[in-house]
Amino acid sequence: MMVLYSGSTCLFSHRCRFVLYEKGMDFEINDIDLLDKPKEITSMNPYGEVPVLVERELTLYESNIINEFIDERFPPPQLMPTDPALRAKARLLLFNFEREIFLHVDNLENGSEEIQQSTRALVKDKLTQLTPIIAKSKFMLGDEFSMIDAALAPLLWRLDYYQILLPDSAAPLMKYAERVFSRPAFSEGLTSHEKVMRR
Ligand SMILES: N[C@@H](CCC(=O)N[C@@H](CS)C(=O)NCC(=O)O)C(=O)O
């Protein structure tokens with residue numbers, strides 16, 4: 001059976017748990033204590049990070065790469081667009097999110113107080129800028145739930161936890177977040193540590 005090595009508070013592992021439940025696949029979770037990381041993680045991922053997915057001979061890391069594999073490997077619903085141009089655009093959006101937002105997540109958790117504060121302001125601005133996109137449709141790519149929503153939701157879930165308060169103008173984004181959180185797969189993918197991150 002497929003095994004996901006996952007951190008119980010790790011935003012990136014959360015993405016993969018969400019997608020695995022969306023696809024309704026059978027899998028096993030191996031909960032990794034990041035403060036006492038087993039050596040096997042570094043032998044599976046040269047960057048020493050979770051999530052890691054193992055399926056038979058295949059070992060993958062990087063949450064978005066794992067999620068694309070799960071999406072392609074298992075039956076519909078497809079979470080990436082099928083049209084090549086739209087698919088490429090979706091990948092570009094994922095790349096932009098990583099570069100502009102998710103690269104900074106570590107600073108929210110491990111940065112000095114000063115760094116945490118400036119990162120909160122940066123993430124707040126970047127997320128607020130997404131409001132016009134979501135004001136027009138149900139999900140990030142239109143009316144269907146997609147990989148983009150799965151990539152973003154774990155951060156939106158952690159806003160209280162990271163002490164990020166979005167302005168009133170971002171109300172459509174928070175309404176969208178509630179829509180994503182109400183999906184059964186989202187609740188199924190939450191660990192007990194994550195359940196209490198949001199008030
Ligand atoms: N870009 C990676 C980021 C993964 C990541 O940063 N994982 C963190 C936990 S959330 C980690 O394993 N850090 C190594 C450590 O804490 O030793 C992804 O998308 O999978």
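Scroll up to find the structure.
It should be emphasised that the depicted structure is a prediction, and the values quoted were computed from it without experimental measurement. (Residues numbered from 1 in each chain as written. Predicted model: local features only at pLDDT ≥ 70, side-chain atom pairs only at ≥ 80, totals over all residues. Heavy atoms only, no water.)

This brings us to the environment of D31. Mapped onto the secondary structure, D31 falls in strand β2 (residues 27–31). Residues D31 and P51, 20 residues apart in the sequence, show an inter-C-alpha distance of 9.8 Å. Residues contacting D31, with those up to four places away along its chain left out, are S6, G7 and S8. A polar atom in the side chain of D31 sits 3.5 Å from the backbone nitrogen of S8. (Helix = DSSP H or I, 4+ residues; strand = E, 2+ residues; numbered from the N terminus. Contact = heavy atoms within 4.5 Å. Polar contact = N/O pair within 3.5 Å; in protein donor to acceptor, adjacent residues only side chain to side chain.)

What follows covers helix α3 (residues 63–73). In terms of burial, α3 is largely enclosed, as eight of its 11 residues are buried. Contacts made by the buried residues of α3 are with α1 (11–23), β3 (52–55), β4 (58–61), α4 (84–100) and α8 (147–157). (Buried < 20%, exposed > 50% of the residue type's maximum accessible area, 1.4 Å probe, protein only.)

Okay, the pattern of salt bridges next. With the rule as written, the count across this model stands at 12 salt bridges. Put simply, R91 and E68 hold a salt bridge, and the shortest N to O gap is 3.0 Å. Linking R91 in helix α4 with E68 in helix α3, this pair joins segments that are 23 residues apart in sequence. Of the charged contacts, one joins R120 and E113 as a salt bridge, the two residues approaching to 3.7 Å between their closest N and O atoms. Look at E113 and you get partly exposed, because its relative accessible area is 49%. (Salt bridge = Lys/Arg side-chain N within 4 Å of Asp/Glu carboxyl O.)

Let us look at helix α9 (residues 171–181). Those residues of α9 that sit buried are L173, Y176, A177, V180 and F181. The buried side chains of α9 occupy one side of the element, clustering within an arc of 140 degrees when seen end-on. In the core, the buried residues of α9 are packed alongside α1, α6 (113–128), α7 (131–135), α8 and α10 (184–189). (Arc of directions from axis to C-beta.)

As a structural note, the neighbourhood of the ligand is formed by C10, F12, L34, K37, G48, E49, V50, P51, E62 and S63. Against a free-state accessible area of 520 Å², the protein chains account for coverage of 74% of the ligand. The cavity that encloses the ligand is the largest pocket. Here the shell around the ligand is composed, by residue class, of five nonpolar, two polar and three charged. (Near = heavy atom within 4 Å. Areas by Shrake-Rupley, 256 points an atom, 1.4 Å probe, with all protein chains shown as cover. 1 Å grid on protein atoms, 1.4 Å probe; cavity = no way out; pocket = protein on both sides within 12 Å on 5 of 7 lines; lining within 4 Å. Sits in = over half its atoms within 2 Å of the grid points. Nonpolar A, V, L, I, M, F, W, Y, C, P; charged D, E, K, R; others polar.)

Right, let's talk about the layout of surface pockets for a bit. Quantified by volume, the largest pocket comes out at close to 1,100 Å³. Lining the largest pocket are 41 residues; nearest its centre among them are C10, F12, E49, V50 and D106. For the lining of the largest pocket, the secondary-structure elements that each account for two or more residues are α1, α3, α4, α5 (105–110) and α6. Across the lining of the largest pocket, the residue classes tally to 18 nonpolar, 11 polar and 12 charged. Looking at which domains feed residues into the lining of the largest pocket, each of domain 1 (2–73) and domain 2 (84–183) supplies at least three. Within this model, the second largest pocket holds a volume of roughly 190 Å³. (Points joined across faces, edges and corners; volume = space filled by probe spheres on them. Domains from an automatic or database assignment.)

Worth remembering: the numbers are spatial, not functional.
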